[in-house]
Structure formats: structure tokens, C-alpha cells
Amino acid sequence: MKRREFLRATACAAGASAAWLPLGYLRAADGGSAGRAATAVATDLAGRSLDGAPITLPRADIADLAASMQGELLLPTHARYEQARRVWNGTIDKRPALIASCVGAADVMRAVNFAREHKLLTAVRAGGHSTSGKSTCDGGIMIDLSPMRGVRVDPKSRTAYLEPGTLLGQLDRESTAFGLATTAGTVSNTGAAGLTLGGGFGRLGSRFGLACDNLIGADVMTASGKLVHASEKENPELLWGLRGGGGNFGVVTSLEYRLHEVNPIVLGGMYTWSWKDVRAVLDFYADFAPRKPDELCTDLFMRSSPNAEPGISILACWSADHAAGERALEPLRKLARTAQGNVAATPYVALQSMFDAGFPDGRKYYQKSGLVSTLTPKAIDTLIEVFQVKRTYPLTMQLQGMGGAAHRVKPDATAFVHREALWDMAIITNWDNDAESAANMASMREIWTRMEPLTYGFYVNSRYEDDLKAFRENYGNNYPRLVKLKNQYDPINLFRLNANVVPTA
Ligand SMILES: Cc1cc2nc3c(=O)[nH]c(=O)nc-3n(C[C@H](O)[C@H](O)[C@H](O)COP(=O)(O)OP(=O)(O)OC[C@H]3O[C@@H](n4cnc5c(N)ncnc54)[C@H](O)[C@@H]3O)c2cc1C
């Protein structure tokens, strides 16, 4: 099915019966009365403007927005508000004045128009996995796309069409059923939209490029409330910006991905070594990982924990012919004679969800990260020193692989500029008790002062701290082009809760 037919089909949801129809359309098929009935607007509401100043949202305007939406408009008094305002990271505890629970592009348009007309602080939420909580805000409007979930795969054209709230696991499960896949992240309930717009690393990245390299089309609701399509043919400059420029240019209301033939059974799994082997493993990895074939994706992990010996692991995913994979894996298997675990024939979707349980919603998380292009002896020494220390909290580092096809894309071919990086190095910790937050975060920042010098630039999707100057520098030579796009599609900086490109118009 071509894109236009797809759009027609989604617009005619009442008459369609395809299983991929997202929840939102099914709810809207009852006439969309749920939102109107559920939203009682008793008074004006206090809110925050785009620059954070207090504003008043008139009751009548809120009632109009609620009445115009097919989905629900949630106010703080609504029974579902508490659950809807939560995001993945429990350190983020924000209370939007309004949550527009959108079931289609028309709802998004109405929410955007309302936000612009009231100069209201605006957050856009897809999977809610932004570690720094960019998809929510205090006193503004959260445009919640999570009711808009659905994937349609066209095996013939090897294309996947996604609703904007779709999670990665849905994309993987739907596409692998047809022997197809594209690069996605490594925890299955992460949002596809947020991940892709910022870049998107994953276990097919060295073979097929980043998720954003495989984004071939998108519908975007711009700040003026106009729906624009971006593809290689239509508004190609906007597509360029969406490939790494985040949510700066509008709300993406549908995404179109290039899929690739992939055996749904990969050679995958993880080897874990005891601490005495740490230097041997790091030395091996520094040499092996930059030279491995594109079809082999590897990630390296180090861990320290309060009550156990530290450890080091390598995860491997070979996604092509298994006989060739065995040859490529030989050096790793040799090293793994002293390791636990295995790399064996495994469903790709099982590998893609093997870490899900380690990242439950609502726990408190903090992370620091930066990009790395070589593992020098100094870097190896530093990593060993950092991870041999026992702390009161668990610490994990992931060297997430890029390289290969992602590396060969020119830095100015997409907004994602950091093509020379071989890895995203991220350290992350988690805890439950609020009382531990300040000390854990301070300790992580202290650790990072030792690790940051090993990095250059950062992955916007892993960035916790907000810093406009750092964002600008991080976009590098692509920044002026991003500013031009921002001036064109969002001159008032309505979409500022992201790795922000500041308009100059
Ligand atoms: C457990 C976990 C595992 C991760 N693993 C990986 C990984 O393997 N690879 C990787 O590359 N990254 C990974 N990440 C980082 C991930 O890419 C980011 O957290 C990403 O922002 C998540 O997208 P989301 O839609 O869930 O987030 P959200 O919090 O919903 O949104 C994040 C940002 O994107 C914007 N945005 C989201 N959807 C839209 C839209 N439709 N239109 C416009 N703007 C939008 C939001 O406004 C916000 O600024 C991981 C994160 C977590 C928490």
C-alpha cells in the first residue's frame, strides 16, 4: 500500500478492519464522545507560558479544546491524570496543566493550535522514555501520543508505517513476522519516535545505519498547526532535519521506515566474564570491535554493584547467514572459554527484549553519556579504576556500538552529525528511595568528570542536563541548517523541550 492509501485507510477507520489499526482509531470510532463527556471544566486553570511565566488558561478555551478533541483532555482532577502524567524516569515528577491524549493527527493539530494561541509551554510525549523527562512539563500542555500506537508493514515495498506513539517492540514484532527489520533500540518499550528523531542506535545499526537513516518519510504537525509531509521528494530538507534534529520542527504524527531482509533467528546472546579477566576483555574489544563485519553488532557492558564482584560482558547479535556468523564470532568464542553465557540461535525479538526487566517504569534513574571513537589504553585504565570501586548503588556502563553503515553516512547527510563515533558510552544507575537521589546523582557526576575526557560530543537522546550552548556545539556544522529549518517550521520555539535549536527569525 502506498502512503496516500495508508493515510486514506487511517482516515476511514470506521470502515476498516485491519488488525493494525491503533487503539486511538478504535476509540474514535464511537464518535469521539469520550473526551467531551469526561472533561468537566470548572474553573480557569493556572499554567506556564513558553518562557515559564505564570499564565491563566480560560475555562471556556479549555472546554472548547476538550469538545473539539476525539481523545480525552485530562485536567489534574481527572481520574486518569496521575497515571498519564508519569514518565519512565521516576526522578521526573512534573504536573502539566493539561494532558491532550491524542488519538489522531486532528487532535494533535487542535492541541498545537491551543498551545500556540496561549503561548503555553508544550511537551510532546511518545514512549515517555526520555531520561531527562523532556516529554512532560510543569504547568504546560503534554501532547500525549501514546494512544496512537500501530504498525503496518508493506512486505512488497519493505516499508513500515508507524503511528507516532508506537513502541519499538511493536515495530520489531510486526516487521520480523515478514522476515524484515530495521534498526531499533534495545529495550522494547522505548518509543520509536523519540528514539528515531534523535538518532537511534541498535543491534542492526552497523549493518543498516541508525534508525534515523532508515526514516524515509514523516508527517509533521508544525507550530502553525499545518500538517506537512517530509520525504526525499517532498520537503527533503525537513526530512534531513528530522534525522537527528529531534522534535524541534513539530509533532511527528506518522513515521515511515525502510525495512531490510533479516533472518528473524539471529546468532545472539551475551558472554560475561569475572573481574579477573577485565583487562583481557577490554584489550580484545579495543582491537576486535572496530574491525568486525557490519553484520555483527556488539555492545560491551561493565557493572559494579554494592554486594557483588564487578563484571564485564559482551553482547553479540549476528543478523545474517549463520555459517558466516560462526566464522565472524570465532575470536569472541575463543575469548569466551572463560566466560558464562552463550551466543546462539535466538529469535531477534527475544534478544530485543532481554533487558526490559532491568529498566522498569517509575524507578529513579540517572545517566551520563558521551561518544567514543577509540578505546585507548588510558580509557581502559580509567574504566577499570571506575568499576572496581564498590558503591552504595549499582553502576552499569554500556558501550553501545555504532560504526559500519552508520559510520559511512556523511556528517552533513543527516542532522545526526557524529558519524565518526564507534560507541555511545553511557553510565546509568537506578534507585527507589527519594532520599538517595541527590547523593547518587552527585556521585555519578563525580565519576563522569573522570570519564568525560574519554569522550567527544554526545548523543542528544542520552543527555540529562539542559544546556543550549552544549546542544548548539553538539550539532556542529549542521547547526546553521537546523536553525533555518527551525525558523521555517517553529519560529516561536513552541517545541523547545528537546535538544533545542533556538530560532533566530
Ligand atoms: C531503557 C532505555 C533504553 C534505551 N535504549 C536505547 C537504545 O538502545 N538506542 C538508542 O538510540 N536510544 C536508547 N534510549 C534513549 C532513547 O532514544 C530516548 O530516551 C528517546 O528519547 C526515547 O523516545 P520516547 O519516544 O520513548 O521518548 P519521549 O520521552 O516520549 O520523547 C523524547 C523526546 O522526543 C520528542 N518526541 C517524541 N515523540 C515525538 C514526536 N512524535 N514528534 C516530535 N517530537 C517527539 C519528545 O518531545 C522529547 O523531546 C533508551 C532509553 C531508555 C530509557
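Structure: above.
Calculation rules
Residues numbered from 1 in each chain as written. Predicted model: local features only at pLDDT ≥ 70, side-chain atom pairs only at ≥ 80, totals over all residues. Heavy atoms only, no water. Helix = DSSP H or I, 4+ residues; strand = E, 2+ residues; numbered from the N terminus. Rg over C-alpha atoms; globule rule 2.2 N^0.38 Å. Buried < 20%, exposed > 50% of the residue type's maximum accessible area, 1.4 Å probe, protein only. Areas by Shrake-Rupley, 256 points an atom, 1.4 Å probe, with all protein chains shown as cover. Lys, Arg positive; Asp, Glu negative; His and termini not counted. Charge placed at Lys NZ, Arg CZ, Asp CG, Glu CD. Near = heavy atom within 4 Å. Polar contact = N/O pair within 3.5 Å; in protein donor to acceptor, adjacent residues only side chain to side chain. Nonpolar A, V, L, I, M, F, W, Y, C, P; charged D, E, K, R; others polar. Expected span 1.5 Å × (residues − 1). Bend = angle between axes of the 7 residues up to and from the residue. Contact = heavy atoms within 4.5 Å. Phe/Tyr/Trp six-rings, centres within 6.5 Å; stacked < 30°, edge-to-face > 60°. Lys NZ or Arg CZ within 6 Å of the ring centre and 35° of its normal. Salt bridge = Lys/Arg side-chain N within 4 Å of Asp/Glu carboxyl O. Axes fitted to C-alpha atoms, helices over the stretch in contact; angles between N-to-C directions. Parallel < 35°, antiparallel > 145°, perpendicular 65-115°, else oblique. Left-handed = near helix turned anticlockwise from the far one by under 90°. Pairing = 2+ DSSP bridges. Core = buried A, V, L, I, M, F, W, Y, C linked by side-chain atoms within 4.5 Å.

A. Quick peek at the overall build of the protein chain. Across its full length, the protein chain carries 18 helices and 20 strands. In terms of C-alpha radius of gyration, the protein chain reaches 23 Å, essentially the compact-globule figure of 23 Å for 505 residues. For the C-alpha atoms alone, the extent of the protein chain along its principal axes is close to 70 × 55 × 40 Å. Across the 505 residues in the protein chain, those meeting the buried criterion constitute 59%. Of the accessible surface of the protein chain, which amounts to about 19700 Å², a share of 53% is contributed by carbon and sulfur atoms. The centroid of the 56 positive side-chain charges in the protein chain is displaced by 2 Å from the centroid of its 51 negative side-chain charges.

B. Summary view of the site of the ligand. Neighbouring residues of the ligand: 33 residues in total, closest Val124, Ala126, Ser135, Phe201 and Tyr459. One nitrogen or oxygen atom from the main chain of Ser130 is found 2.9 Å from an oxygen atom belonging to the ligand. Separating an oxygen atom of the ligand from a backbone N or O atom of Gly194 is a distance of 3.2 Å. Here the ligand loses 94% of its free accessible area of 940 Å² to cover by the protein chains. Breaking the shell around the ligand down by element, the ones donating at least two residues are strand 5 (122-125), helix 8 (192-198) and strand 12 (251-258). With four residues, helix 8 is the largest single contributor of residues to the shell around the ligand. The class makeup of the residues in the shell around the ligand is 15 nonpolar, 16 polar and two charged.

C. Representation of helix 12 (residues 322-335). For helix 12, built from 14 residues, the straight-helix expectation of 20 Å at 1.5 Å per residue is met to within 8% by its first-to-last C-alpha distance of 20 Å. Taking the largest bend as the criterion, helix 12 deviates by roughly 50°, centred on Leu329, and proline Pro331 comes between one and four positions later. Buried residues of helix 12: Gly325, Ala328, Leu329 and Leu332, and no others. Where helix 12 is buried, its residues touch strand 14 (265-274), helix 11 (278-288), strand 15 (296-305), strand 16 (308-318) and strand 17 (340-347).

D. Examining the side chain of Ser135 more closely. Inspection of the secondary structure puts Ser135 in the loop between strand 5 and strand 6 (141-144). Not counting the four nearest positions on each side in its chain, Ser135 is found in contact with Val87, Ala123, Val124, Arg125, Gly128, Ser130 and Met142.

E. Representation of the packing of aromatic side chains in the model. Overall, the coordinates contain twelve aromatic pairs when judged by the stated rule. Where Phe201 meets Phe416, the ring centres are 6.0 Å apart and the plane angle is 90°; that geometry is what we call edge-to-face. Placement of Phe201 in the loop between helix 8 and helix 9 (205-208) and of Phe416 in the loop between helix 15 (404-408) and strand 20 (423-431) is noted, with a sequence separation of 215 residues between them. When its relative accessible area of 3% is taken as the criterion, Phe201 is described as buried. For Phe416, a relative accessible area of 6% corresponds to the buried category. Taking 6.4 Å as the distance between ring centres and 25° as the angle between the ring planes, the aromatic pair formed by Phe359 and Tyr365 counts as stacked. When the ring centre of Phe458 is taken as origin, the NZ or CZ atom of Arg463, which lies over that ring, is 4.3 Å away. Residue placement shows Arg481 over the ring face of Trp240; its charged tip is 3.9 Å from the ring centre.

F. Quick peek at the pattern of salt bridges. What the rule picks out here adds up to 26 salt bridges. For Glu72, the salt bridge is made with Arg80, and the minimal N-O distance between the two is 3.2 Å. Using a relative accessible area of 28% as the deciding quantity, one classes Arg80 as partly exposed. The partner of Arg243 in a salt bridge is Glu232, and the shortest N-O contact between them spans 3.4 Å. Residue Arg243 is located in the loop between helix 10 (236-242) and strand 12, and its partner Glu232 is located in the loop between strand 11 (227-231) and helix 10; the two are separated by eleven residues in the primary sequence. Judged by relative accessible area, which is 8%, Arg243 ranks as buried. What makes Glu232 exposed here is its relative accessible area of 52%. Members of the salt-bridge network, linked through shared partners, are Glu82, Arg85, Arg86, Asp93 and Arg95.

G. Layout of the packing of helix 14 (residues 377-387) against helix 16 (residues 437-451). In the contact formed by helix 14 and helix 16, the axes pass within 10 Å of each other and the chain directions differ by 160°. In terms of orientation, helix 14 and helix 16 fall into the roughly antiparallel class. In the crossing of helix 14 with helix 16, the sense of the turn from one axis to the other is right-handed. Residue-level inspection shows Thr382, Leu383, Glu385 and Val386 of helix 14 in contact with helix 16, the latter providing Ile447, Arg450 and Met451.

H. A look at the environment of Thr176. Tracing the sequence through the fold places Thr176 in helix 7 (residues 168-176). With relative accessibility at 10%, the residue Thr176 sits in the buried group. Residues Thr176 and Gly71, 105 residues apart in the sequence, show an inter-C-alpha distance of 31 Å. Other than its neighbours up to four places away in sequence, Thr176 contacts Ala181, Pro264, Tyr348 and Val349. Polar contacts involving the side chain of Thr176 include one to the main-chain carbonyl oxygen of Arg173, which spans 3.5 Å.

I. Representation of the sheet that holds strand 17 within the structure. Strand order across the open sheet formed by seven strands is 17-14-16-15-19-20-18, with antiparallel pairing between neighbours. At either margin of the open sheet sits one strand with a lone partner, and together these are strand 17 and strand 18 (364-372). Strand-to-strand twist of the sheet, defined as the mean angle between neighbouring strand axes without regard to direction, takes the value 15°. Relative to strand 20, strand 18 is paired through nine bridges, and the arrangement is antiparallel. Looking at strand 20, one finds that Ser369 is bridged to Ala426. Relative to strand 15, helix 11 is tilted by about 155°, and along the sheet it contacts strand 14, strand 15, strand 16, strand 19 (395-401) and strand 20. On the sheet, helix 12 packs against strand 14, strand 15, strand 16 and strand 17 and is oriented at approximately 0° with respect to strand 14.

J. Representation of the nonpolar core. Core analysis: the largest hydrophobic core is formed by 52 residues, its most contacted members being Leu300, Met302 and Met397. The residues contacting Met397, other than those within four sequence positions of it, are Leu300, Phe301, Met302, Leu383, Phe387, Met425, Ala426, Ile427 and Met451. Counting residues in each nonpolar core, the second largest holds 41 residues, with Ala192, Trp240, Leu259 and Val483 among its members.

K. A look at the pairing of strand 4 (residues 98-101). Because side chains alternate across strand 4, one face comprises the buried residues Leu98 and Ala100, and the other comprises Ile99 and Ser101, equally buried. In this structure, strand 4 lies alongside strand 6, joined through four bridges in parallel fashion. From the neighbouring strand, Ile99 faces strand 6, where its bridge partner is Met142.

Note that every value here comes from positions in space, so none of it alone points to a role or purpose.
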